[in-house]
Amino acid sequence: MSDKKRLLELLEKTEREELSSAELSELETLWIAHWEQLDRAKIFDEMVANGELITGIQASRLFDTDTSEENAEEEITISIPWWRRRWTQYAASVMLMVAIGIITYLVLNQKDQIDNISLASQEERFKNDIPAAISGAVLQLADGTEVLLDDKNGVLVSEGAVKIIKDQDRVSYQATAEQLDEKRYNTLVTPQGRYISVMLSDGTIVWLNAASQLQYPVVFTGKERKVKVVGEAYFEVKKNPGQPFIVEANGTQIEVTGTQFNVHAYDDEPEITTTLVEGGVIVRKNNHELHLVPGQQAIVRSEAENNTISLNKTVNISQEIAWTKGLFHFEKASVADIMKELKRWYNLEVEFKAPITEKYYLTISRLEPISKVLRIIEKTGNVRFTIEDRHVVVYP
């Protein structure tokens, strides 16, 4: 049996909680020995897609992936974001992911054997489980009126000659007459524990992650299309070379003509990243600018670091846009980094009893309850959690 096949077999046994101490050591040895050669994203894809290893799971039911001949040799595979389809169309796939929850986990540093945590103890600590984020947002209209979108569908309201419509997890803007002469701005806000997508008046589609917001004109007029984002958003911009699309994020400007890219710009993080998946963008900050090609990332650092811009040519695209596929995907991540993302997605507060220095690899469906994620991290034996209402306490 090849090392690769044995590695997949051991990871599958890990998910079934059938891994012995000897097999854990074997798993660590294989992973570390072949780290440089292994394509971690590909291994996870095979864990999900390989019918021999995971009976009954088909990758096509999990993600809509472009497999046309035209794109067959492209370095980057573009997957349709997971909430583009209506809930009723992918509910079966979601249930499969919840049931299987294939996990890749490992700690970089040599660690002790997995603690023998009793099932009863875990059940007690996780009895106040927290479900995953749901589709929803708050829409702030031009006159300041706020509309809660969680349970609404159909025509929400009209802004002048534009109807604002919600269908499942998508908000869209449809002109009913001539365009507005004046610019009216709407703001779409996703609190912690919510996500949404919006089709703007020009046909551009934007997916908003939890704890994010997007400000945009009801109708684009003038020589450019400009929006502002805080948090994380994935853009699929409608091409219009005569009217460039510009994204502003905390003082950083991203100019495009038609492309797909991810912007990560949370207020509580020191960096703003722009990751280009398709097309081309120009990232500007003060007097600095970078021209990106697909597969590259611009990193804009805070004023404390002189607002510098750097280029990352080896960015892990799969990791950066995993959230658009309905996944958490961490590589060499600290517990603090992991909990920061879980905090936004599950709408919770986090308390650390002591620093934890280990680094983790983790890939799991974002539709799982938080207890599923925490149980997997606990298998390393280096950390424990308790859930108290929406407060998670982290213990070394």
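Located above this text is the structure these notes cover.
Just so it is clear, the model here is predicted, and its values are computed rather than measured.

A. Just the overall build of the protein, in detail. Counting its regular elements, the protein contains 9 helices and 25 strands. Per-residue burial for the protein yields a buried fraction of 50% across its 396 residues. Restricting the contact set of the protein to residue pairs at least 6 apart, pairs at least 24 apart contribute 55%. Of the roughly 18600 Å² of accessible surface on the protein, a fraction of 46% belongs to carbon and sulfur atoms.

B. A look at the packing of aromatic side chains. Counted according to the given criterion, the structure contains 9 aromatic pairs. Grouped by ring-pair contacts, the aromatic residues Tyr195, Phe328, Phe330, Trp345 and Tyr346 constitute a single cluster. Above the ring of Tyr266, the side-chain terminus of Arg344 is found at 3.5 Å from the ring centroid. Lying across the ring of Trp345, Arg366 places its NZ or CZ 4.2 Å from the centre.

C. View of the pairing of strand E6 (residues 162-167). Relative to E6, strand E5 (residues 154-159) is paired through 5 bridges, and the arrangement is antiparallel. Bridge pairing in E6 places Val155 opposite Ile165. Of the pairings in the sheet, the one linking E6 to strand E7 (residues 170-175) comprises 6 bridges and is antiparallel in character. Bridging from a neighbouring strand, Ile165 pairs with Ser172 of E7. Linking E6 to E7, which pair antiparallel, is a turn of 2 residues; within it Gln168 sits at a positive phi near 60°.

D. Representation of the layout of surface pockets in the model. A volume near 750 Å³ is recorded for the second largest pocket. Considering the residues around the second largest pocket, the lining is formed by 29 residues, among which His264, Glu269, Gln319, Glu320 and Glu341 are closest to the centre. For the lining of the second largest pocket, the elements supplying multiple residues, two or more each, are strand E16 (271-278), strand E19 (297-301), helix H7 (317-320), strand E21 (327-334) and helix H8 (335-346). A per-element tally of the lining of the second largest pocket places E21 first, with 7 residues. For the lining of the second largest pocket, the residue count by class is 9 nonpolar, 7 polar and 13 charged.

E. Molecular detail of the nonpolar core. Of all hydrophobic cores here, the largest spans 43 residues; its most connected members are Leu139, Phe235 and Phe261. For Phe261, the contacting residues outside a window of four places in its chain are Ala233, Tyr234, Phe235, Val237, Val247, Ile254, Val256, Thr274, Thr275, Leu276, Val277 and Val281. Formed by 30 residues, the second largest nonpolar core is a distinct cluster that contains Tyr195, Leu348, Ile370 and Val373.

F. How the structure looks around unusual backbone geometry. Positive phi, close to 55°, is recorded for Lys332, a residue that is not glycine. When you line up the elements, Lys332 lands in strand E21. For Asp389, which is not glycine, the phi torsion reads 55° and is therefore positive. Here Asp389 lies in the loop between strand E24 (384-388) and strand E25 (391-395).

G. Representation of the sheet that holds strand E22 (residues 349-352) within the structure. What the 3 strands build is an open sheet, ordered E22-E25-E24; its pairing is mixed. Single-partner strands in this sheet number two, and they are E22 and E24. Adjacent strand axes in the sheet meet at a mean angle of 20° when their direction is disregarded. Sheet topology places E22 next to E25; 4 bridges connect them, and they run parallel. Bridging across to E25, Glu351 finds its partner in Val393. Sheet contacts for H8: E22, E24 and E25; angle to E22, the most-contacted strand, approximately 160°. Strands in contact with helix H9 (residues 370-378) are E24 and E25; relative to E24, the strand with the most contacts, it is inclined by about 160°.

H. Examining the pattern of salt bridges more closely. This model, assessed by the stated rule, comprises 15 salt bridges. Salt-bridge contacts for Glu9 lead to Arg6; the nearest nitrogen and oxygen are separated by 2.2 Å. In this pair, Glu9 and Arg6 are both assigned in helix H1 (residues 3-15), 3 residues apart and thus about one turn of the helix distant. Between Lys127 and Glu124 there is a salt bridge, with the nearest N and O atoms lying 3.1 Å from each other. A cluster of three or more residues bridged by salt bridges with shared partners is formed by Glu224, Lys226 and Glu248.

I. Inspection of the packing of H8 against H9 at higher detail. Taken N-terminus to C-terminus, the directions of H8 and H9 make an angle of 170°; their axes are 12 Å apart at the nearest point. In terms of their interaxial angle, H8 and H9 are classed as roughly antiparallel. At the point where H8 passes H9, the crossing takes the left-handed sense. Contacts from Ile338, Met339, Leu342 and Tyr346 of H8 reach H9 at Ile370, Val373, Leu374 and Ile377. Residues belonging to the contact of H8 with H9 are distributed by class as follows: 8 nonpolar, no polar and no charged.

What counts, and at which threshold
Residues numbered from 1 in each chain as written. Predicted model: local features only at pLDDT ≥ 70, side-chain atom pairs only at ≥ 80, totals over all residues. Heavy atoms only, no water. Helix = DSSP H or I, 4+ residues; strand = E, 2+ residues; numbered from the N terminus. Buried < 20%, exposed > 50% of the residue type's maximum accessible area, 1.4 Å probe, protein only. Contact = heavy atoms within 4.5 Å. Areas by Shrake-Rupley, 256 points an atom, 1.4 Å probe, with all protein chains shown as cover. Phe/Tyr/Trp six-rings, centres within 6.5 Å; stacked < 30°, edge-to-face > 60°. Lys NZ or Arg CZ within 6 Å of the ring centre and 35° of its normal. Pairing = 2+ DSSP bridges. 1 Å grid on protein atoms, 1.4 Å probe; cavity = no way out; pocket = protein on both sides within 12 Å on 5 of 7 lines; lining within 4 Å. Points joined across faces, edges and corners; volume = space filled by probe spheres on them. Nonpolar A, V, L, I, M, F, W, Y, C, P; charged D, E, K, R; others polar. Core = buried A, V, L, I, M, F, W, Y, C linked by side-chain atoms within 4.5 Å. Axes fitted to C-alpha atoms, helices over the stretch in contact; angles between N-to-C directions. Salt bridge = Lys/Arg side-chain N within 4 Å of Asp/Glu carboxyl O. Parallel < 35°, antiparallel > 145°, perpendicular 65-115°, else oblique. Left-handed = near helix turned anticlockwise from the far one by under 90°.

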